[in-house]
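The primary structure of each chain is shown beneath.
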Amino acid sequence: MRMHKLKVLVSLNKPFRKNDSKFLYYRQFSAQPNYADYLQEQVLVEGRAKSRAAVLNRPSALNALTPSMVGRLSRLYESWEDNSDIGFVMMKGNGRAFCSGADVVTLYELIKEGKVEECKKFFQTLYKFVYLLGTYLKPNVAILDGVTMGSGAGISLPGMFRVVTDRTVYSNPEAQVGFHPDAGASYYLSRLPGYLGEYLALTGGKLNGVEMIACGLATHYSLKERLPWMEERLGKLITDDRLVIESSLAQYGDLVYPDTTSVLHKFEKIDKCFSQDTVEEIIEALEREAAESHDEWCNTVLNKIKAASPLSLKVALKSIREGRFQPLDQCLVREYRISVNWVSKKVSDDFCEGVRARLVDKDFAPKWGPARLEEVTTDMVDCFFIPLDELEPELNLATAIREPSM
């Protein structure tokens, strides 16, 4: 396999002087290509016989998605879909993460600088890519080796094949930073067994690769050590047949089952508590369960919920419940409305406050507004879901020419 990169060649054969005009000329000349190179190298491309692979390449940031990364992914996948010489596509991450989601610190800084429109553009591009992936005409494989959070799940789970490993750690921690599960999360979380989706959305609870297989979020499981063999096998395929690709993935896969400590063995309690109509009732059910069963798991879950933004909790629950009865495109349109409201601070500053507390200042003491669940009114929650006004365009997806395969 050969990884294609654009590189700027700098000659170091001759020493330069600080005031050397020739040096200054070349430095100025090469500044723009260097920047373009940097943006392009955030998503690398591997070419194979009949396939292409996009490699997320911000390992120091756990491959968190920037606007330029999402734009490049969209352009690559669109061009690969139109290229008859390409039979299928892949996506993977460089380093110890597949993708930790959106680069929310960058979004936080844009909001602080008054560049809210750039945030909206990011969400438009991201959600359109999620829809592209969910309606993709060619087989596509995502290798979720390592951390897979938030939007990192959104750019992979709508696809055809999702390979997880013994290093995979999946979560939707958005409510803990004053946001909401987005990038298609209200679609796939709402379709998990029972009320597991509500549990994951409200607590930010983690699943490992085995658990993702068991609940249907992933299609194949492989030990990390076998991935090079799997990728080598896929790279040699001359096909666009999904059955051939599936067979190749299964060849290096493993049959696995959740261990006795898995949260999936708590299904009865999850359904009993998270099937309640409101966040307040969910908390009351967990408190009763904790008192009756003396199960420390209930207290752990309660602490996670109580640490989240009260407004985010109610918005997330309503979004998951609506998503259960909507197709992918309608879920993305609704999620875009919610995201626009968060970054516009029309109701609350919780998104910026959550990012500040957990990722910027790291004092882990967010001052949520409203601070308590009982202070969150129905009108506050409903504001996130109503259609955008005529001056604020809705998310425009290509539903007329693309039909979801999910």
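Scroll up to find the structure this text is about.
Attention here is on the structure that accompanies the text. Everything numeric in this text was worked out from a predicted model, so none of it was measured.

### Brief notes about the overall build of the chain
Regarding its fold elements, the chain presents 17 helices and 11 strands. Classification of the 406 residues of the chain by burial places 53% in the buried group. Across the chain, every contact between residues at least 6 apart in sequence was considered, and the portion connecting residues at least 24 apart equals 74%. On the chain, roughly 19200 Å² of surface is accessible, and the fraction owed to carbon and sulfur atoms is 52%.

### Regarding the side chain of serine 151
Structurally, the position occupied by serine 151 is in helix α5 (residues 151–154). Of the residues examined, serine 151 reaches a relative accessible area of 3% and is grouped as buried. Setting aside chain neighbours within four positions, we find serine 151 in contact with Leu65, Gly101, Ala102, Leu126, Glu174, Asp182 and Ala183.

### Brief notes about the pattern of salt bridges
The final tally for this structure, using the stated rule, is 28 salt bridges. Note that arginine 324 is salt-bridged to glutamate 198, the shortest N-O span being 2.9 Å. Of this pair, arginine 324 sits in the loop between α14 (310–323) and α15 (328–344) while glutamate 198 sits in helix α7 (residues 196–203), placing them 126 residues apart in sequence. Residue arginine 324 is classed as partly exposed on the basis of its relative accessible area, which comes to 23%. Here glutamate 198 falls in the buried class, since its relative accessible area comes to 0%. Salt bridges sharing partners connect three or more residues here, namely Glu46, Arg48, Lys92 and Glu231.

### Regarding unusual backbone geometry
The step from glycine 369 to proline 370 runs through a cis peptide bond, and the omega angle for that step is 0°. Its location among the elements puts proline 370 in the loop between α16 (350–360) and α17 (378–383). With a phi close to 60°, asparagine 63 is a non-glycine residue in the positive phi region. Relative accessible area serves as the criterion here: at 0%, asparagine 63 is assigned to the buried category. A positive phi angle is found at phenylalanine 364, which is not glycine, with a value near 55°. The topology assignment puts phenylalanine 364 in the loop between α16 and α17. For phenylalanine 364, a relative accessible area of 52% corresponds to the exposed category.

### Points about helix α13 (residues 296–307)
Taking 1.5 Å of rise per residue, 12 residues should cover 16 Å, and α13 covers 17 Å from first to last C-alpha, within 8% of that figure. Among all positions of α13, only Trp297, Cys298, Val301, Leu302 and Ile305 are buried. In a view along the axis of α13, the buried residues occupy a sector of 135°, so they form one face of it. Of the residues in α13, the exposed ones pointing more than 90 degrees away from the buried face are Glu296, Asn303 and Lys306. Packed against the buried residues of α13 are α7, α11 (267–274), α12 (279–293) and α14. Capping of α13 at its N-terminal end is provided by aspartate 295; its side-chain oxygen lies 2.9 Å from the backbone amide nitrogen of tryptophan 297.

### Describing the side chain of lysine 314
The residue lysine 314 is located in helix α14 in this model. Polar side-chain contacts of lysine 314 include one of 3.3 Å to the backbone oxygen of leucine 373. Excluding anything up to four places from it in sequence, lysine 314 contacts Val279, Glu280, Leu373, Val376 and Val381.

### Side note on the environment of serine 309
Its location among the elements puts serine 309 in the loop between α13 and α14. Expressed as a C-alpha distance, the spacing of serine 309 and glycine 354, which sit 45 residues apart in the sequence, is 8.0 Å. Contact partners of serine 309, with chain neighbours within four places excluded, come to Ala175, Gly178, Asp350 and Trp368. Polar contacts involving the side chain of serine 309 include one to the main-chain amide nitrogen of serine 312, which spans 3.0 Å.

### Concerning the sheet that holds strand β7 (residues 147–149)
An order of β5-β7-β9-β10 is seen for the 4 strands of this open sheet, with the pairing classed as mixed. Each end of this open sheet is capped by a strand with a single partner; those strands are β5 (97–99) and β10 (207–208).

### A word on the packing of aromatic side chains
Counted under the stated rule, the structure contains 11 aromatic pairs. Between phenylalanine 123 and tyrosine 127, the ring centres sit 5.8 Å apart and the planes meet at 40°, which makes this aromatic pair tilted. Of this pair, phenylalanine 123 and tyrosine 127 both sit in helix α4 (residues 116–134), 4 residues apart, roughly one helical turn. For tyrosine 127, a relative accessible area of 0% corresponds to the buried category. Summarising the aromatic geometry, the rings of tryptophan 342 and phenylalanine 384 are spaced 4.7 Å apart at their centres and angled 45° between planes, so their arrangement reads as tilted. In this pair, tryptophan 342 is assigned in helix α15 and phenylalanine 384 in the segment after α17, connecting sequence segments 42 residues apart. The same class applies to tryptophan 342 and to phenylalanine 384, which are both buried. Put simply, the rings of Phe122, Phe123, Tyr127, Phe179, Tyr336 and Phe351 touch in pairs and so form one group of aromatic residues. Directly above the ring of tyrosine 187 sits arginine 191, whose terminal nitrogen or CZ lies 3.8 Å from the centroid.

### Thoughts on α14
Compared with the 20 Å implied by 1.5 Å per residue over 14 residues, the 20 Å span of α14 between its first and last C-alpha is a close match. In terms of residue burial, α14 counts as a mostly covered element, since 12 of its 14 residues are buried. Those residues of α14 lying buried are Pro310, Leu311, Ser312, Leu313, Lys314, Val315, Ala316, Leu317, Ser319, Ile320, Arg321 and Gly323.

Conventions used here
- Residues numbered from 1 in each chain as written.
- Predicted model: local features only at pLDDT ≥ 70, side-chain atom pairs only at ≥ 80, totals over all residues.
- Heavy atoms only, no water.
- Helix = DSSP H or I, 4+ residues; strand = E, 2+ residues; numbered from the N terminus.
- Buried < 20%, exposed > 50% of the residue type's maximum accessible area, 1.4 Å probe, protein only.
- Contact = heavy atoms within 4.5 Å.
- Areas by Shrake-Rupley, 256 points an atom, 1.4 Å probe, with all protein chains shown as cover.
- Salt bridge = Lys/Arg side-chain N within 4 Å of Asp/Glu carboxyl O.
- Expected span 1.5 Å × (residues − 1).
- Arc of directions from axis to C-beta.
- Polar contact = N/O pair within 3.5 Å; in protein donor to acceptor, adjacent residues only side chain to side chain.
- Pairing = 2+ DSSP bridges.
- Phe/Tyr/Trp six-rings, centres within 6.5 Å; stacked < 30°, edge-to-face > 60°.
- Lys NZ or Arg CZ within 6 Å of the ring centre and 35° of its normal.

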